[in-house]
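What the coordinates show
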Amino acid sequence: MDIKDHKDRATDVELASSSVGANRTLALGIERIGLVSLRHPMVVAVLAVALAVVAGFGLPRLRVDDSLSQLFRSDSAEFRQYEEATRQFPSSEYDVLAVVEGETLLTPRGLDRLRDFVTDAQLIDGVRGVISLYSAREPPQGEGPPGPLFPDPLPEGAEFDRLVSRARANEIIRGKILSEDGRLTLVVLALDPAVVEGSGLAATVRELRGAMAQDFEGSGLSAQLSGVPVMQLEIRDAVERDRLLYNAAGFVAGCLIAILFFRRLSFMIVAAGPPLLAILFALGALGWLGFRLNMFLNVMTPLIMVISFADSMQLTFAARDRILAGQSRSEALRNALLIAGPACVLTHATAGLSFLALTFSSSEAIRAFGQAGLVSTAIALVAVLTLLPLLGVLLLRDETRLAGTGRAGDAGVEALRAFCFWIAARMVRRPGLYSFAGLVAVLALGLVFASLEPRYRLADQVPDKDQAVSASGRLDAKLTGANPIDVLITFPPGVSLYAPQSLEVIDRAHTLLERQKGVGNVWSIDTLRRWLRDRLRISDVATLKKYVERLPEHLTRRFVAADGGSVLVTGRVPDADASRLLPIVDEIDHSLDALRKAYPGYKLSVTGLSAIAARNSATMIGKLTAGLTIEFFFVAAFIGLAFRSAVVGLACLLPGIFPVVASGALLAAMGQGLQFASVVALTVSFGLGLSATIHFLNRLRIAGDAGSDYAFAVEQATVLVGPALILTSIVLSCGLAVTVFSDLPSLRLFGWLSAFSMMAALAADLFILRPVVMFLHRTAQTLRAAKRPRDA
């Protein structure tokens, strides 16, 4: 039997099954909500327009969550402690770090230009304090306050050389704000919290960059900005840019798919309209529900497109086949809903289960992504089932002429059908061999996947094409790092900061952190105490208290809480992978045990974003991976239950697992591990990749129920769904791959890995699912046949 006979017979079988409602129980009849659009098209159209207007007002309510700690935000005791430390010592959240570097830094010209910038920066709205080389002081002479290390004007000749030598040897600034080679300095700009948390951050950063460009022009010095506020601003800008890019890419991808398939404007609108409106409805709903865009939610647009477009194309393609067979548009749309609609419900349900799995994560950002995905999946399902028949009724006219022109221009689709038939015919001839080959491939790739290690770096969450990451890299190279790691010391109730035991604890914790390998640039109130003791030979507490009181509040609050009940000893670590930072955090925590025993009333804990990330990232990624493994079997059981067939449930496992382990093997080949973005991409891609599987199994069920030979039924189902699966997979993969243009490394990883996973899912559907389902069916028949004589 040739390819045309397969298609014609399959269409006749499906027409008969749709007339008797044989497919209704597969999805509990949920697909029949689309029939309302056929009966009352104007009512549904008015409701759709009204909802589109409401959703449009919800779009501006979407805000960007630019917090660097969003991945680790949770109800855990560790994170609550980190938040409390951030509240008491907010410096790292509000510090802009200006990195100035060049051969001419410690020359009269370079220092004068640096002074100009420091002066100009202090006058910019939103800057409440500056720490720089000009904050360093000489030992005091007599009773007066200490003079600046760098006087104005600067000395000349030999006196200037001696000044430079003193500066490079100064224990306050050496290795902390001045690199050992004297070619890089750090200027810490403390911003007003109201500016960072409000809408004025962009203007302040813009003015700072303008001052840098003007003051350092022609000086031979380069200057870049980094720090949490700058990173947050760059994340915010990148997310806003990406949202526009992905919305445009989603629109173009949708139209391109429809044009490739149908080459008619009416069919293009029927196929592309529901997914595009689903994006509008879903994003508007997320805005009204108060969701905030983060690095995961920012890809919701292409994900909604992927979720809804494959089903939209299957429905449109089914309706088109029936119009070409001579049915009216209403009959064709109704039958398409009854035949392909149940599979659409199941594909959205499996995608929803993938998102549901993410809602159990301990990360607030990942939970929010799962919740948003669940909401968007439900909206996309309703949009596709109701709007596609509505647009079909309104736009598809003159069915007779449409059928004639459709057949004449069907060469491309028929070529795809012939290709699909060629594959299916070979897969069903030797199903045992191909099933075994698929099992071996999945097991081999699974072993590689299991060897992947968790990875996390802060730089992967920040745009890497802007200044912040580059400037942080220079700090890593010259000043041991830009990321803080803190020891929080809480005093017993009623005990003063200046009590002898309190000062001893601070001194020992400061020394411990200084001696810790991998940590540098350690600061605390003990830094001032040591300077007084070693340079001025002053060790009385009264003088220390007087100097602390003289410091600006923004500087004091870096190390001493406002209520005086706790202090912070802070160091810096480079932006390394969390697996390299975790041993450092553990060593510090272990070393603090001796202090905890010696001073039982004092609470000492290691905190800071670096510590939180090092401790939690591996655990959270491991839990997500374990959840994905459980999801394999849970979703397979769900599909088997929906089809009321153990064979179907088992058949879903290998093609469902293959794209996940293949993507993991690709990560391993590229020398990468499992990051948050990659695990989330694989979790979502698993649910999305089953769309092809479900549509094929749905058509196979209809053909099998009609009494067709099973091998013939496999070929029929492949011919019917194959062209749509191939084209949608290719184009939607391209739509996801557009994220490689993002400035955010995590989004780039999410995009290309999801795109690869979709193509791997297509390969698994064509080359693993068909022989596996054939092999399992024959095995089940053999077992039943062997059982009958014993029963008799």
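Preceding this paragraph is the structure being described.
Here is a short report on the structure shown in this document.

Cut-off values and rules
Residues numbered from 1 in each chain as written. Predicted model: local features only at pLDDT ≥ 70, side-chain atom pairs only at ≥ 80, totals over all residues. Heavy atoms only, no water. Pairing = 2+ DSSP bridges. Helix = DSSP H or I, 4+ residues; strand = E, 2+ residues; numbered from the N terminus. Axes fitted to C-alpha atoms, helices over the stretch in contact; angles between N-to-C directions. Salt bridge = Lys/Arg side-chain N within 4 Å of Asp/Glu carboxyl O. Phe/Tyr/Trp six-rings, centres within 6.5 Å; stacked < 30°, edge-to-face > 60°. Buried < 20%, exposed > 50% of the residue type's maximum accessible area, 1.4 Å probe, protein only. Lys NZ or Arg CZ within 6 Å of the ring centre and 35° of its normal. Contact = heavy atoms within 4.5 Å. Patch = residues over 30% accessible without salt bridge, like charges linked within 9 Å, V, L, I, M, F, W, Y side chains within 5 Å. Areas by Shrake-Rupley, 256 points an atom, 1.4 Å probe, with all protein chains shown as cover. Lys, Arg positive; Asp, Glu negative; His and termini not counted. Charge placed at Lys NZ, Arg CZ, Asp CG, Glu CD. Parallel < 35°, antiparallel > 145°, perpendicular 65-115°, else oblique. Left-handed = near helix turned anticlockwise from the far one by under 90°. Nonpolar A, V, L, I, M, F, W, Y, C, P; charged D, E, K, R; others polar. 1 Å grid on protein atoms, 1.4 Å probe; cavity = no way out; pocket = protein on both sides within 12 Å on 5 of 7 lines; lining within 4 Å. Points joined across faces, edges and corners; volume = space filled by probe spheres on them. Core = buried A, V, L, I, M, F, W, Y, C linked by side-chain atoms within 4.5 Å.

Here's the deal with the sheet that holds strand 3 (residues 127–131)
- Read from one edge of the open sheet, 4 strands run 3-4-2-5, paired in antiparallel fashion. Edge positions in the sheet fall to strand 3 and strand 5 (222–226), since each of these pairs with one other strand and no more. Between one strand axis and the next, the sheet turns by 20° as a mean value, whatever way the strands run.
- When strand 2 (residues 95–101) meets strand 4 (residues 184–191), the two strands line up antiparallel, connected through 7 bridges. Residue pairing for strand 4: V96 is matched across the bridge by L189.

Structural notes on the pattern of salt bridges
- Per the stated rule, a full pass over the model turns up 19 salt bridges.
- Here D589 makes a salt bridge to R615, at a shortest N to O gap of 3.8 Å. Residue D589 is found in helix 23 (residues 578–598), and its partner R615 is found in helix 24 (residues 609–643); the two are separated by 26 residues along the sequence.
- Here the residues in one salt-bridge network are E78, D589, D593, R596 and R615, joined through shared partners.

Brief notes about the packing of aromatic side chains
- All told, the structure shown has 9 aromatic pairs when counted by the stated rule.
- Aromatic pair F117 and F216: ring centres 5.5 Å apart, planes at 45°, arrangement tilted. One end of the pair, F117, is in helix 6 (residues 108–122); the other, F216, is in the loop between helix 9 (201–215) and strand 5, with 99 residues separating them in the sequence.
- Here F117 falls in the buried class, since its relative accessible area comes to 0%.
- Residue F216 is classed as buried on the basis of its relative accessible area, which comes to 4%.
- With a centroid separation of 5.7 Å and 65° between ring planes, the pair formed by Y134 and F150 is classed as edge-to-face. Of this pair, Y134 sits in the loop between strand 3 and helix 7 (157–169) while F150 sits in the loop between strand 3 and helix 7, and the two are 16 residues apart along the sequence. Just as Y134 is buried, F150 falls in that class too.
- An aromatic cluster is present here, built from F355, F369 and F750 joined pairwise through their rings.
- Seen from the ring of W523, K176 lies directly overhead, with NZ or CZ sitting 5.9 Å from the centre.

Considerations on the side chain of D575
- With respect to the helices, strands and loops of the structure, D575 is situated in the loop between strand 9 (566–573) and helix 23.
- What D575 contacts, discounting residues up to four positions off in sequence, is R457, L458, A459, D476 and N483.

What to know about the environment of L221
- Position of L221 relative to the elements: it lies in the loop between helix 9 and strand 5.
- Once residues within four sequence positions are removed from consideration, L221 is found in contact with V100, E101, G102, T104, L105, G110 and F216.

Notes on the pairing of strand 2
- By the criterion of burial, strand 2 is predominantly enclosed, with 7 of the 7 residues buried.
- Both faces of strand 2 are covered, namely the face carrying D95, L97, V99 and E101 and the face carrying V96, A98 and V100.
- In terms of strand pairing, strand 2 meets strand 5 through 5 bridges, oriented antiparallel. The partner of A98 across the bridge, within strand 5, is L225.

Observations regarding a negative patch on the surface
- Taken together, D112, D116, D120 and D152 make up a surface patch of like negative charges.
- Overall, D152 belongs to the exposed group, its relative accessible area being 61%.

Section: the packing of helix 6 against helix 9
- Two numbers describe how helix 6 lies on helix 9: the axes approach to 9 Å, and their chain directions differ by 155°. Here helix 9 runs roughly antiparallel to helix 6, going by the angle between their axes. Handedness of the helix 6/helix 9 crossing: right-handed. Counted together, R113, D116, F117, D120 and A121 of helix 6 and L208, A211, M212 and D215 of helix 9 form the full contact between these two elements.
- Class assignment for the residues of the contact of helix 6 with helix 9 results in 5 nonpolar, no polar and 4 charged.

Observations concerning empty space enclosed by the protein
- Here the structure, examined in full by the defined rule, presents 8 cavities of 30 Å³ or more.
- Approximately 170 Å³ is the volume found for the largest cavity.
- Taken together, 19 residues line the largest cavity, and the ones lying closest to its centre are A310, L688, S691, A692 and M758.
- Secondary-structure elements contributing two or more residues to the lining of the largest cavity are helix 12 (300–324), helix 13 (329–358), helix 26 (676–705), helix 27 (710–737) and helix 28 (745–791).
- Ranked by residues supplied to the lining of the largest cavity, first place goes to helix 26 with 5 residues.
- When its residues are assigned to classes, the lining of the largest cavity shows 11 nonpolar, 7 polar and 1 charged.

Observations regarding the nonpolar core
- F72, F369, I489 and I588 are the most contacted members of the largest nonpolar core, which has 225 residues in total.
- The contact partners of F72, leaving out residues within four places of it in the chain, are F79, S363, Y456, L609, I612, A613, N616, S617, M620 and F676.
- The next biggest cluster of nonpolar side chains, apart from the first, holds 22 residues, and it includes F267, A340, L388 and L396.

Re a nonpolar patch on the surface
- Residues M42, L265, I269, L394 and L395 make up a contiguous nonpolar surface patch of roughly 430 Å² in combined accessible area.
- Those elements that place two or more of their residues in the nonpolar patch are helix 11 (265–288) and helix 14 (364–395).
- Relative to the elements of secondary structure, I269 occurs in helix 11.

What about the pairing of strand 3?
- For strand 3, the buried fraction is high: 4 of the 5 residues fall into the buried class.
- Here 4 bridges tie strand 3 to strand 4, and the two strands are oriented antiparallel to one another. Looking at the pairing, V130 lines up with L189 of strand 4.

Observations concerning the packing of helix 12 against helix 13
- Packing of helix 12 against helix 13 brings their axes to within 8 Å, and their N-to-C directions diverge by 160°. Judged on the interaxial angle alone, helix 13 and helix 12 are roughly antiparallel. In the crossing of helix 12 with helix 13, the sense of the turn from one axis to the other is right-handed.

Side note on the side chain of S678
- In this structure, S678 sits in helix 26.
- Other than its neighbours up to four places away in sequence, S678 contacts L667, G673, L749 and L753.

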